[in-house]
Amino acid sequence: MASPPWTALARPAQLPPAGDWRQWLIIGGRGSGKTRAGAEWVKAMVAGEAPFATRPHGRVGLIAETLADAREVMIDGESGLLAVSRSLKPVFEASRRRLVFSNGAIAQIFSSEDPDALRGYQFDLAWGDELAKWVHGEACYDNLQFGLRLGERPRVLFTTTPRPIPLLKRLMDDPATVTAHMRTEENAAHLAPGFMAAMRERYGGTRLGRQELDGVILSARQDALFDLELIERHRCDAAPELRRIVVAIDPPASATRRSDACGIVAAGRDGEGTIFVLADRSRQRAKPHEWASAAVALHDELEADRIVAEVNQGGDMVEAVLRAAASTIPFQAVRASRGKWVRAEPVAALYQQGRVRHAGRFPELEDEMADFGPDGLSGGRSPDRLDALVWAVTALSGRGEEPRIRGL
């Protein structure tokens, strides 16, 4: 028996809006059905199916945070193009980074890490997934706009979980954009049993829950210690030559389902004393040997000078676990004697002075920074990524040895 058409299964927010729009923006919680909506729309447009299209569309751009995300989510995912387009018999040509449909239509995949790759291509249709996570969002968005020049009415769909970034806000304000909002709970029938109950228990009433489940774009707390607009203003794509690099760890007390994450953040200092945040490799529900291996791998990747780790919870165990992963790793134990807010205040002051810059985007870390007030994070969550950041910046902001100069 043939399955019902998408128009009979979809919720209203998953169907393209009426009107003369150029950009359709779907902002939704995790698991709310954004990917399925995107894949079904692209499939219908490629096939020329009514009421979506009056003719087949032959040139499609698919843009994700990384090439791996484009393939694993937009193409191979459970709700991706291969799953919904069986009648068009699509074939993915990995070497050419494209999906070829039986009617001759071609969907080319791109990474937000390389916006210049969009130059030279032209499309009559595009789908951008997780726009708020794009590495070079502004440049990627601009190059995509220049490429939407085929057909009578080229259009693009953006599907994303919300984050308070300027690009997303500007897109919502554009009169050529039609915006739809979706909550995770609206798609509960297609999620694992008990998922929503578990999410409500852990994240109900929190800022993270409102953002990741309800699809609400949240601005920073009025009493937040860190200023997201300031971080955005000082952000850079890459760090210069650095004189010192550290990897900081805020280890959890346990590795159970309810455990805090293990914060793992790397930062470096240049010859003028400016500190650059380089990476956030924090791990959720990781066992000691897992977070230790992740920290050591980051240390080796960046050729860092040492690993700094808080030992209030684990004591000597923290160093022992790291030594088991790499016996000769340079290690410095730090112990918290003051509260998290007091420890973070000097770091926030360095941000305000423009002496700390983010070399890239770190959404989960920056979410914690935007939500960190005098009472900690909303909902009582632990600021694990932020704690690791504070230890890294603190280790670099004082006087210390000056190792050899290196470039990233």
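Description of the structure in this document.

Procedures and definitions
Residues numbered from 1 in each chain as written. Predicted model: local features only at pLDDT ≥ 70, side-chain atom pairs only at ≥ 80, totals over all residues. Heavy atoms only, no water. Salt bridge = Lys/Arg side-chain N within 4 Å of Asp/Glu carboxyl O. Helix = DSSP H or I, 4+ residues; strand = E, 2+ residues; numbered from the N terminus. Buried < 20%, exposed > 50% of the residue type's maximum accessible area, 1.4 Å probe, protein only. Pairing = 2+ DSSP bridges. Axes fitted to C-alpha atoms, helices over the stretch in contact; angles between N-to-C directions. Parallel < 35°, antiparallel > 145°, perpendicular 65-115°, else oblique. Contact = heavy atoms within 4.5 Å. Nonpolar A, V, L, I, M, F, W, Y, C, P; charged D, E, K, R; others polar. Expected span 1.5 Å × (residues − 1).

### Side note on the pattern of salt bridges
Pairs may arise between side chains of opposite charge once their charged atoms sit close together. Under the criterion given, the structure shown has 25 salt bridges. Between Arg 183 and Asp 214 there is a salt bridge whose closest N-O contact spans 3.6 Å. In this pair, Arg 183 sits in the loop between strand E8 (177-182) and helix H7 (195-203) while Asp 214 sits in the loop between helix H8 (207-212) and helix H9 (228-234), placing the two residues 31 residues apart along the sequence. For the salt bridge of Asp 280 with Arg 385, the shortest nitrogen-to-oxygen distance reads 2.8 Å. With Asp 280 in strand E11 (residues 275-280) and Arg 385 in helix H14 (residues 384-397), this pair connects stretches of sequence that are 105 residues apart. Exposure class is identical for Asp 280 and Arg 385. Each is buried. Ionic contacts of the salt-bridge type, sharing partners, join the residues Arg 36, Glu 40, Lys 43 and Glu 49 into one network.

### Some words on the pairing of strand E10 (residues 263-269)
Every other side chain in a regular strand lies on the same face of the sheet, so the side chains alternate between the two faces. Across the 7 residues that make up E10, a large majority, 7, are buried. Burial along E10 is two-sided: the residues Gly 263, Val 265, Ala 267 and Arg 269 and Ile 264, Ala 266 and Gly 268 are all buried. Sheet topology places strand E9 (residues 244-250) next to E10; 7 bridges connect them, and they run antiparallel. Its bridge partner lying in E10, Ala 248 is registered against Val 265. Two elements, E10 and E11, share 5 bridges in a ladder whose sense is antiparallel. What sits directly across from Arg 269, in E11, is Ile 275. If you look at the hairpin formed by E10 and E11, you'll find 5 residues sitting between the two strands, and Gly 273 has a positive phi there, around 95°.

### Topic: the packing of helix H13 (residues 363-370) against H14
At a minimum axis distance of 8 Å, the contact between H13 and H14 shows a crossing angle of 90°. Comparing their axes, H14 and H13 come out roughly perpendicular. Of the residues in H14, those in contact with Glu 364, Leu 365, Glu 368 and Met 369 of H13 are Asp 384, Arg 385, Leu 386 and Leu 389. Among the residues making up the contact of H13 with H14, the classes are represented as 4 nonpolar, no polar and 4 charged.

### A closer look at helix H10 (residues 288-302)
The end-to-end C-alpha distance of H10 is 21 Å, a good match for the 21 Å that 15 residues give at a rise of 1.5 Å each. All of the buried residues in H10 are Trp 291, Ala 292, Ala 294, Ala 295, Val 296, Leu 298, His 299 and Leu 302. Two residues or fewer past H10, Glu 303 is found with a positive phi of approximately 55°.

### Focus on the side chain of Arg 385
With a relative accessible area of 16%, Arg 385 lands in the buried category. Not counting chain neighbours up to four residues away, the residues in contact with Arg 385 comprise Gly 263, Val 265, Asp 280, Ser 282, Glu 364, Leu 365 and Glu 368.

### Overview of the environment of Ala 261
Along the chain, Ala 261 turns up in the loop between E9 and E10. Through-space distance from the C-alpha of Ala 261 to that of Leu 191 is 24 Å; in sequence the pair is 70 residues apart. Residues within four places of Ala 261 in sequence aside, it is in contact with Asp 250, Pro 252, Arg 283, Gln 284 and Asp 384.

### A short note on the sheet that holds strand E14 (residues 356-358)
What the 6 strands build is an open sheet, ordered E13-E12-E9-E10-E11-E14; its pairing is mixed. Sheet topology places strand E13 (331-334) and E14 at the edges, where each strand pairs with a single neighbour. On average, each strand axis in the sheet is inclined to that of its neighbour by 25°, with strand direction left out of account. The sheet contact formed by E11 and E14 spans 3 bridges and is parallel. Bridge pairing links Ile 275 to Val 356 in E14.

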